[in-house]
Amino acid sequence: MEQLSAEQFTAVPTLSAWEVRGHVAVCRFATGDFATGVRLLEDVAHIADALGHHPDVTIRFGSVEVATTTYETGGLTDRDVALARAITELARRLGLTPRDA
Ligand SMILES: C[C@H](O)[C@H](O)[C@H]1CNC2=NC(N)=NC(=O)C2=N1
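Described below are features of the structure shown in this document. (Residues numbered from 1 in each chain as written. Predicted model: local features only at pLDDT ≥ 70, side-chain atom pairs only at ≥ 80, totals over all residues. Heavy atoms only, no water.)

1. Notes on helix α2 (residues 34-51)
Every α-helical turn comprises 3.6 residues, leaving residues that sit three or four positions apart pointing alike.
Inference 1: The terminal C-alpha atoms of α2 lie 26 Å apart, and with 18 residues this matches the ideal 26 Å at 1.5 Å per residue to within 8%.
Inference 2: Of all the residues in α2, the buried ones are T36, G37, L40, V44 and A48. Along the axis of α2, the buried residues cluster in a sector spanning 105°; they form a single face. Opposite the buried face of α2, by more than 90 degrees, sit the exposed residues H46, D49 and A50.
Inference 3: Looking at the buried positions of α2, the neighbouring elements they touch are β2 (24-30), β3 (56-59), β4 (63-68) and α3 (78-93).
Inference 4: Two or three places before A35, at the opening of α2, D33 has a side-chain oxygen 3.3 Å from that residue's backbone nitrogen.
Inference 5: Following α2 by one or two positions, G52 adopts a phi angle in the positive range, close to 70°. (Helix = DSSP H or I, 4+ residues; strand = E, 2+ residues; numbered from the N terminus. Expected span 1.5 Å × (residues − 1). Buried < 20%, exposed > 50% of the residue type's maximum accessible area, 1.4 Å probe, protein only. Arc of directions from axis to C-beta. Contact = heavy atoms within 4.5 Å. Polar contact = N/O pair within 3.5 Å; in protein donor to acceptor, adjacent residues only side chain to side chain.)

Take a look at the structure:
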């Protein structure tokens, strides 16, 4: 597994709204309400199981924040890129846009 820099991670198409904090990539999606956040979480749960890589998820009334990193390398890898791209696409399908975290 290749370790990626913050610059490499956020340079990936569709991941420009993600922010790298230390060794963790984070993105916050505005949901407008709690139930929409739960719907996104359900979709994220399925894709995370399919990819075998799971984010931390924080649901608030108006937003969902997801965070991913790879323990095995202590940083960001292609696993995090694949997960982040999938989550960004799921959110887009729900009509959700990334917001400044
Ligand atoms: C931010 C979040 O804690 C990370 O994405 C975690 C979640 N659980 C994980 N579990 C395992 N086995 N490897 C990981 O890299 C990993 N990453």
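Further notes follow.
2. Focus: the environment of D78
Inference 1: Here D78 lies in helix α3.
Inference 2: Take D78: its relative accessible area is 48%, and that puts it in the partly exposed class.
Inference 3: As for D78 and I47, which are separated by 31 residues in sequence, their C-alpha atoms are 15 Å apart.
Inference 4: For D78, the contacting residues outside a window of four places in its chain are M1, E2 and L4.

3. Topic: the site of the ligand
Inference 1: Surveying the vicinity of the ligand reveals the residues H53, H54, D56, A67, T68, T69, T70, Y71 and E72.
Inference 2: One of the backbone nitrogen or oxygen atoms of Y71 is found 2.7 Å away from an oxygen atom of the ligand.
Inference 3: In the model, an oxygen atom of the ligand is placed 3.3 Å from a nitrogen or oxygen of the E72 side chain.
Inference 4: In the complex, the protein chains occlude 75% of the 390 Å² of accessible area that the ligand would expose alone.
Inference 5: When the residues that make up the shell around the ligand are grouped by side-chain class, the tally is two nonpolar, five polar and two charged. (Near = heavy atom within 4 Å. Areas by Shrake-Rupley, 256 points an atom, 1.4 Å probe, with all protein chains shown as cover. Nonpolar A, V, L, I, M, F, W, Y, C, P; charged D, E, K, R; others polar.)

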